[in-house]
Amino acid sequence: MSSAEEVTGAAGRPDEIRAVPLRRPGRWIAAAIVLLVAASLIRSAVENKRFEWGVVGEYLFDHRVLAGLGVTIELTVIAMVVGVVLGVILAVMRLSPNPLLSRASWLYIFFFRGTPVLVQLLFWFYISALYPKIDLGVPFGPAFVHANANTLITAFRAAVLGLGLNEGAYMAEIVRAGIISVDEGQNDAALSLGMTRVQMLRLIVLPQAMRVIIPPTGNETISMLKTTSLASVITVTELLYAAQLIYANNLKEIPLLIAVSVWYLACTSVLYVGQYYLERHYGRGASRELSPAAFARWRGMLLRSERHEGAL
Amino acid sequence: MSTPMVNAEAVHKRFGRNEVLKGITLQVAPGEVMCLLGPSGSGKSTFLRCINHLEKINAGRLSVDGELVGYRQVGDKLHELRESEIARKRAEIGMVFQHFNLFPHMTALDNVTCAPVRVKRAAREHARASARDLLDRVGLADKLDAYPAQLSGGQQQRVAIARALAMEPKLMLFDEPTSALDPELVGEVLAVMQQLARDGMTMVVVTHEMGFAREVADTVVFMDGGVVVEAGPPAEVLGAPRHERTRAFLSKVL
């Protein structure tokens, strides 16, 4: 009689279960190992004078490093814009019913994905050896613009070409996957309302494809930010090359490379935040809404003090 | 006699080697409601898609309101129409799909205003006002800002009907509009269609709803194996079918 009362409790609702938690010694051991490794890494970072943290701080906001950071960001943005525009064009070509357009797009992707981007960068850098003069005009017809390749293709422009054209090939596959992911019924609906194929693509298909296109594009942008460091090889004074020029003089390689890494990390962090909001924007109307939980928790941690001020 | 809204003469359609339509001949008069019945794979939906040129026919002649679908006849030669011309003609024909095919990234109101604004170049404010009226007519005045994913199947299909009506079509095509709906939601969609029929809209409806066909249709067409088996008023085709295949089909679905 008393046992039934105990389970039900006074209010007729069963009591919360308070069981003795299961011991998990494996977790404790694993956590201990991780802490030990982390502690020894931190100790070496603090005790090893050759990290020269003071020098890191000194050069973090050096005007040459900041100028290099500016070039890195500029290169990332321009190369990604070139890549995205090219990617959309190539993807639409690839899906075109015209076999010539489709094959041309395939061939482009084959070449630019099949060779290392570093080789492509060097190729554009040395383009003047192949085409000393560049003429723009009607193919096989008159040319309107004549230029010396050496002056037209600067190191920076070679980097934009190399990175952007390479990115176009990768973006093409991403955009194509996005377009294919949109239900065929959407095409039927758009066409039956009297839309042309271009309207259908622009108003109906691409906005929906964005949900599939945005996440990998964010990854591509983050990847591009880091890949721009390859432009140091063709003497573009971006973040890495700016640091290399400094440590070529003062031989403080490690502190400068750390300063550079700090900036790359800062930029990728900003991009991660941007990607979160973009994904949420293009998730509109999706049945599975993006849960804000994970990011809100992060933001809560970062902005805790700010929120308190806001409450006041 | 006035021009038929839809005039099909010996329409054939092949997908590869598979002949889906083997000579469909029928007419839909202006204001008429025609229901197409038949087992799945009989070509009903394909025929419907041919009417607004979502599918190209391989032989025969198909015209809407006196004009050939997809072609222009010069002498005895057919010339393919340009894409923009086909689009302009499609804009005059509304279509409602089995799976609604609402644009998921737009609200109900935007779904309805999109085509009038972008295709017909209607003034945005005007389009929004008439879209509100239309959504009110299908009983969704309180769902203007809802996204399709937030609506039930029946509500989505009613938005889809409003979307098609927003283009002020002279002909409405319904491709199994209630087949994807939960049974308790079928009624609300059929009610909207019935009202539309009463208002005098010309409608071609592929359906399995025998009650709707009997009550609303002027003509019932029974198709099987890519041909019209029999056609006539619902009382005849459903009540006293002459053909063995019609009888066999009806005995299974009724």
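The rules behind each value
Counting of residues starts from 1 at the beginning of each chain's written sequence and follows it residue by residue. All chains are assigned letters beginning at A, and all ligands numbers beginning at 1, according to the order in which they are written. Selection of residues for local features in this predicted model requires a pLDDT of at least 70, selection of side-chain atom pairs for listing and counting requires 80 or more, and totals for whole chains, interfaces and linings are taken over all residues. Side-chain numbers come from the whole structure's heavy atoms, not from hydrogens or water. Helix and strand labels come from DSSP, where a helix needs a run of H or I of at least four residues and a strand needs a run of E of at least two; each type is numbered from the N terminus. This radius of gyration counts C-alpha atoms alone. The globule rule is 2.2 Å times how many residues there are, raised to the power 0.38. Burial classes follow relative accessibility: with a 1.4 Å probe on protein chains only, a residue under 20% of its type's maximum area counts as buried, one over 50% as exposed, and anything between as partly exposed. Working rule for contacts: check all heavy atoms of both residues, and any pair within 4.5 Å makes them a contact. Values of accessible area rely on a 1.4 Å probe in the Shrake-Rupley scheme; residue burial ignores everything except the protein chains shown. His is not counted, nor are the chain ends, whereas Lys and Arg count as positive and Asp and Glu as negative. To locate a charge, take atom NZ for lysine, CZ for arginine, CG for aspartate or CD for glutamate. Pairing between strands is defined by DSSP: at least two bridges between them are needed. If you view a crossover with the strands going away from you and the path from the first strand over the helix to the second runs clockwise, you call it right-handed. In this analysis, a patch consists of residues with relative accessible area above 30% that form no salt bridge, clustered at 9 Å for like charges and at 5 Å for the nonpolar side chains Val, Leu, Ile, Met, Phe, Trp and Tyr. By definition here, a salt bridge exists when the distance from a side-chain nitrogen of Lys or Arg to a carboxyl oxygen of Asp or Glu is within 4 Å. Helix axes are fitted only over the stretch in contact, all axes being lines through C-alpha atoms; the angle between N-to-C directions runs from 0 to 180 degrees. Buried area adds together the accessible area that both of two parts lose upon being put together, with accessible area traced by a 1.4 Å probe. Contacts described as polar in this section are N or O atom pairs within 3.5 Å, which, within protein, must combine one atom able to donate a hydrogen with one able to accept it, while residues neighboring in sequence count only if both atoms come from side chains. Amino acid classes used here: Ala, Val, Leu, Ile, Met, Phe, Trp, Tyr, Cys and Pro are nonpolar; Asp, Glu, Lys and Arg are charged; the rest, including Gly, are polar. Here the term cavity refers to a set of points on a 1 Å grid, laid over the protein atoms alone, in which a 1.4 Å probe fits but cannot get out; the term pocket refers to an open set having protein on both sides within 12 Å along at least five of seven lines, with lining residues being those that place an atom within 4 Å of a point. Grid points are joined across faces, edges and corners, and a volume is the space filled by probe spheres set on the points. Regarding the arc, it is the one traced by the directions from the helix axis to the C-beta atoms.

A. Quick look at the overall build of chain B. Of regular secondary structure, chain B possesses nine helices and twelve strands. Here the C-alpha radius of gyration of chain B, 18 Å, is about what a compact globule of 254 residues would show, namely 18 Å. Along the longest, intermediate and shortest principal axes, the C-alpha atoms of chain B span 50 × 50 × 40 Å. The burial tally for chain B puts 55% of its 254 residues in the buried class. Considering only contacts within chain B whose residues lie at least 6 apart along the sequence, 64% involve residues at least 24 apart. Split by element, the accessible area of chain B, about 11,400 Å² in all, is 47% carbon and sulfur. Averaging the locations of the 31 positively and 31 negatively charged side chains of chain B gives two centres separated by 6 Å.

B. Expanded view of the overall build of chain A. Check the secondary structure of chain A and you find 15 helices and two strands. Put simply, chain A has 312 residues, and 35% of those count as buried. Partitioning the intrachain contacts of chain A with sequence separation of at least 6 by distance along the chain shows that 67% fall at a separation of at least 24. Element-wise, carbon and sulfur atoms account for 66% of the exposed surface of chain A, whose accessible area totals about 19,800 Å².

C. Spatial organisation of the pairing of strand 10 (residues 203–206) of chain B. Residue and element names in this part refer to chain B. Alternating positions in strand 10 separate into two faces, Met203 and Val205 on one and Val204 and Val206 on the other, with burial throughout. Of the pairings in the sheet, the one linking strand 3 (residues 33–37) to strand 10 comprises four bridges and is parallel in character. When the sheet's bridge partners are listed, Cys35 is paired in strand 10 with Val205. Pairing of strand 9 (residues 171–175) with strand 10 involves four bridges; the strand directions are parallel. Residue pairing in the sheet places Met172 in a bridge with Met203 of strand 10. Running through helix 6 (residues 183–198), the crossover from strand 9 to the neighbouring parallel element strand 10 is right-handed.

D. Inspection of a nonpolar patch on the surface at higher detail. Together, Ile73, Val77, Ile78, Val81, Val85 and Ile89 of chain A make up an exposed nonpolar region whose accessible area comes to about 470 Å². By secondary structure assignment, the location of Ile78 of chain A is in helix 4 (residues 63–94).

E. Structural detail: the environment of Lys226 of chain A. If you trace the backbone, Lys226 of chain A turns up in helix 11 (residues 197–227). Expressed as a C-alpha distance, the spacing of Lys226 of chain A and Arg50 of chain A, which sit 176 residues apart in the sequence, is 25 Å.

F. Region of interest: the sheet that holds strand 5 (residues 67–68) of chain B. Residue and element names in this part refer to chain B. The four strands lie next to each other as 2-1-4-5, forming an open sheet whose pairing is antiparallel. The outermost strands of the open sheet, each flanked by one partner alone, are strand 2 (18–28) and strand 5. Taken together, the eight bridges between strand 1 (residues 6–15) and strand 2 define a ladder with antiparallel strand orientation. Within strand 2, the position partnered with His12 by the bridge is Lys22. Lying over the sheet, helix 1 (residues 44–51) contacts strand 1, strand 2 and strand 4 (59–64), oriented at roughly 65 degrees with respect to strand 2.

G. Highlighting the interface of chain A and chain B. Each side of the interface is counted separately: chain A has 23 residues, and chain B has 26 residues. Summed over both sides, the interface of chain A with chain B buries roughly 2,000 Å², with 61% coming from carbon and sulfur. Our enumeration of links across chain A and chain B arrives at one salt bridge. Among the salt bridges present, the one from Arg49 of chain B reaches Asp188 of chain A, with a minimum N-O distance of 2.8 Å. Where chain A touches chain B, the interface holds six residue pairs in polar contact (both at pLDDT 80 or more). Residue assignment for the side of chain A that touches chain B shows that the elements contributing at least two residues are helix 10 (184–192) and helix 11 of chain A. Looking at side-chain class alone, the side of chain A that touches chain B contains nine nonpolar, nine polar and five charged residues.

H. Layout of the pattern of salt bridges. Scanning the model with the defined rule gives 18 salt bridges over all chains in all. A salt bridge links Arg128 of chain B to Asp110 of chain B; its shortest N-O distance comes to 3.9 Å. Pair noted here: Arg128 of chain B is in helix 4 (residues 124–137) and Asp110 of chain B is in helix 3 (residues 108–118), with a separation of 18 residues, a long-range link. Residue classification places Asp110 of chain B among the partly exposed positions, given a relative accessible area of 30%. In this structure, the salt-bridge partner of Glu188 of chain B is Arg158 of chain B, at a minimum N-O distance of 2.8 Å. Taken together, the residues Glu188 of chain B in helix 6 and Arg158 of chain B in helix 5 (residues 153–165) connect sequence positions 30 residues apart. In this structure Glu188 of chain B comes out as partly exposed when scored by relative accessible area, which is 25%. Accessibility expressed as a relative area gives 10% for Arg158 of chain B, which makes it buried. Within this structure, Asp188 of chain A together with Arg49 and Glu55 of chain B form a network of salt bridges that share partners.

I. Region of interest: the sheet that holds strand 12 (residues 227–232) of chain B. Residues and elements named next belong to chain B. The strand order across the open sheet formed by six strands is 8-9-10-3-11-12, and the pairing between neighbours is mixed. Of all the strands in the sheet, the pair left with one neighbour each is strand 8 (93–96) and strand 12. Going from strand to strand, the sheet's axes swing by 15 degrees on average, the running direction of each strand aside. Each of strand 8 and strand 9 is contacted by helix 5, which is oriented at about 170 degrees to strand 8, the strand it contacts most.

J. Representation of the layout of surface pockets. Estimated volume of the largest pocket: approximately 1,100 Å³. What lines the largest pocket is a set of 32 residues, and nearest its centre among them are Pro97, Asn187, Leu191, Arg197 and Met200 of chain A. Among the secondary structure elements, those contributing two or more residues to the lining of the largest pocket are helix 9 (155–181), helix 10 and helix 11 of chain A together with helix 2 (83–90) of chain B. Ranked by residue count, the leading element in the lining of the largest pocket is helix 11 of chain A, at seven residues. Its residues assigned to classes, the lining of the largest pocket comprises 17 nonpolar, four polar and eleven charged.

K. View of the environment of Arg94 of chain A. Residues and elements named next belong to chain A. Mapped onto the secondary structure, Arg94 falls in helix 4. Separated by 15 residues in sequence, Arg94 and Ile109 place their C-alpha atoms 9.8 Å apart. In contact with Arg94, not counting residues within four places along its chain, are Ser102, Ser105, Trp106, Ile109 and Arg176.

L. Molecular detail of helix 3 (residues 53–60) of chain A. All names here are of chain A. Regarding helix 3, the residues found buried are Val55, Val56, Tyr59 and Leu60. One side of helix 3 holds all its buried residues, which, seen down the axis, span an arc of 135 degrees. Residues Gly54 and Glu58 are exposed on helix 3 and point more than 90 degrees away from its buried face. Tucked inside the fold, the buried residues of helix 3 contact helix 4, helix 12 (239–250) and helix 13 (253–282).

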